[in-house]
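# Descriptive analysis of the structure
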Amino acid sequence: MIGAILLLAALAAPGCGEIKQYAVGGDYTNASDRRNLALVEAFHFTPDIEALKRSAVRPGENIATTLEHYPNHHRALAAMARLGQRERTARVIGAPWPVDCYFERAVRYRPDDAKVRVVFSNHLLETGRADAALAQMREAVRIDAADPASHYNLGILLVMRGQFHEAELHARKAYERGFPLPALKNKLLEAGYWKAGD
């Protein structure tokens, strides 16, 4: 691990451990905390590790270390989720916590980080937990109602559940804010909840 542990703050949870504050690390979304991000990434979250290349050395351990220093590191959370899916396990080799714990820790660390909720929703959906995925995406939209991608993703999840009217509301918000992908609109059009030319 990089740097000495400065126990400026310790958030505890019985199942997923405490969150420690390190000299290097902090909130991934905070510019001041990101000053030393390159140092952590250079040693523990290289492009090969992020891409989960077969040649990457101890990806689970290195992604876990990245998330120890930056609990809400969006790309590292996504990589941890992909690694768990690739290994077909709830706990990847080299990581002290199950994959779900890294999301729980990120949410606990920064409950107002909408991007964490989006990445968590994708992970839940990929692992067959559609109801929980929907709940996380709803929370992402609640936290950041201006984000068109979150409205779009929520719309897609609602279409999957047959909740077309609500999906249309979020689709309109996504497209009014300039979201470019037409898949949601096309799905609603097929279901009779969108007019051609809208």
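Worth saying up front: this structure is predicted, and the values here are computed from it rather than measured.

Moving on, we get to the overall build of the protein. Regarding its fold elements, the protein presents 10 helices and two strands. Traced from its N-terminal end to its C-terminal end, the protein shows the element sequence β-β-α-α-α-α-α-α-α-α-α-α. C-alpha extents for the protein along the principal axes are approximately 60 × 35 × 30 Å. Out of the 198 residues in the protein, the part that is buried amounts to 45%.

Residue placement: E168 occurs in helix α9 (residues 164-176). Setting aside chain neighbours within four positions, we find E168 in contact with L188, Y193 and W194.

Tallied over the full model, the rule gives five aromatic pairs. In this structure an aromatic cluster arises from ring pairing among Y152, Y175, F179 and W194. Taking the ring centre of W194 as reference, the NZ or CZ of R172 above it sits at 4.0 Å.

What follows covers the packing of helix α7 (residues 130-143) against helix α8 (residues 148-160). α8 packs onto α7 with a crossing angle of 150 degrees between their chain directions and a minimal axis gap of 9 Å. Taken together, the axes of α7 and α8 lie roughly antiparallel to each other. Our pair here, α7 against α8, has a crossing hand that is left-handed. Contacts between α7 and α8 involve A133, L134, M137, R138, A140 and V141 from the former and S150, H151, N153, L154, L157 and L158 from the latter. Of the residues in the contact of α7 with α8, the class split is eight nonpolar, three polar and one charged.

Tallied over the full model, the rule gives one disulfide. Covalently, C16 is tied to C101 through a disulfide, its sulfur atoms 2.0 Å apart. Here the disulfide of C16 and C101 is left-handed, its torsion about the S-S bond being about -75 degrees. One end of the pair, C16, is in the loop between β1 (5-11) and β2 (19-22); the other, C101, is in helix α5 (residues 99-109), with 85 residues separating them in the sequence.

Our next topic: the nonpolar core. Among the nonpolar cores identified, the biggest contains 25 residues, and I63, L67, L77, M80, Y102 and F103 are the most heavily contacted of them. With six residues, helix α4 (residues 74-87) is the single largest residue contributor to this core. If we ignore the near neighbours within four places in the chain, the residues touching M80 are G60, I63, A64, L67, V92, A95, V99 and Y102. Listed in part, the 19 residues of the second largest apolar core include L134, L158, A171 and W194.

Further remarks concern the pattern of salt bridges. Think of it this way: side chains of opposite charge can pair up when their charged atoms draw near. Enumeration according to the criterion identifies 13 salt bridges in this entry. E166 is paired through a salt bridge with R138; the nearest N and O atoms lie 2.5 Å apart. Highlighted residues: E166 in helix α9 and R138 in helix α7, separated in sequence by 28 residues. Classification of E166 by relative accessible area gives partly exposed; the value is 23%. With a closest N to O distance of 3.1 Å, R172 and E168 form a salt bridge. Highlighted residues: R172 and E168, both in helix α9, separated by four residues, approximately one helical turn. One continuous salt-bridge network, built from bridges that share partners, spans E41, E50 and R75.

Mapped onto the elements, W194 comes out in the segment after α10 (183-190). When the C-alpha atoms of W194 and F164 are compared, they prove to be 9.6 Å apart, with 30 residues separating the residues in sequence. If near-sequence neighbours (up to four positions away) are discounted, W194 is found in contact with E168, A171, R172, Y175, K185, L188 and L189.

Each value, and the rule that gives it
- The written sequence of each chain sets the order in which its residues are numbered from 1.
- Note on the predicted model: pLDDT of at least 70 is required for a residue's local features to be given, and 80 or more for side-chain atom pairs to be given and counted; whole-chain, interface and lining totals, by contrast, use all residues.
- Each side-chain value is derived from all of the structure's non-hydrogen atoms; neither hydrogens nor water enter the calculation.
- Helix and strand definitions follow DSSP, with helices as H or I runs of at least four residues and strands as E runs of at least two, each counted in order from the N terminus.
- Three labels apply to residues, based on accessible area from a 1.4 Å probe with only protein chains included: buried if under 20% of the type maximum, exposed if over 50%, partly exposed otherwise in between.
- Throughout, a contact is declared for two residues whenever any of their heavy atoms are within 4.5 Å.
- Stacked, tilted and edge-to-face are the three classes applied to pairs of Phe, Tyr and Trp rings, where Trp contributes its six-membered ring and a pair requires centres within 6.5 Å; stacked means planes under 30 degrees apart, edge-to-face means over 60, and tilted covers the rest.
- By the criterion adopted, a ring carries a charge over it if an Arg CZ or a Lys NZ lies within 6 Å of its centre and within 35 degrees of its normal.
- Helix axes are fitted to C-alpha atoms over the stretch in contact, other axes to C-alpha atoms as well, and angles between N-to-C directions run from 0 to 180 degrees.
- By the definition adopted for this analysis, an angle is roughly parallel if under 35 degrees, roughly antiparallel if over 145, roughly perpendicular if from 65 to 115, and oblique otherwise.
- Helix crossings fall into two classes, left-handed where the near helix is turned counterclockwise from the far one by less than a right angle and right-handed where it is turned clockwise.
- Ten residue types, Ala, Val, Leu, Ile, Met, Phe, Trp, Tyr, Cys and Pro, are classed as nonpolar, four, Asp, Glu, Lys and Arg, as charged, and the remainder, Gly among them, as polar.
- Counting rule for disulfides: a pair of cysteine sulfur atoms within 2.5 Å.
- Throughout this description, the term nonpolar core refers to a set of buried Ala, Val, Leu, Ile, Met, Phe, Trp, Tyr and Cys residues connected via side-chain atoms within 4.5 Å.
- Basic side-chain nitrogens of Lys or Arg form a salt bridge, by our definition, when they fall within 4 Å of a carboxyl oxygen of Asp or Glu.

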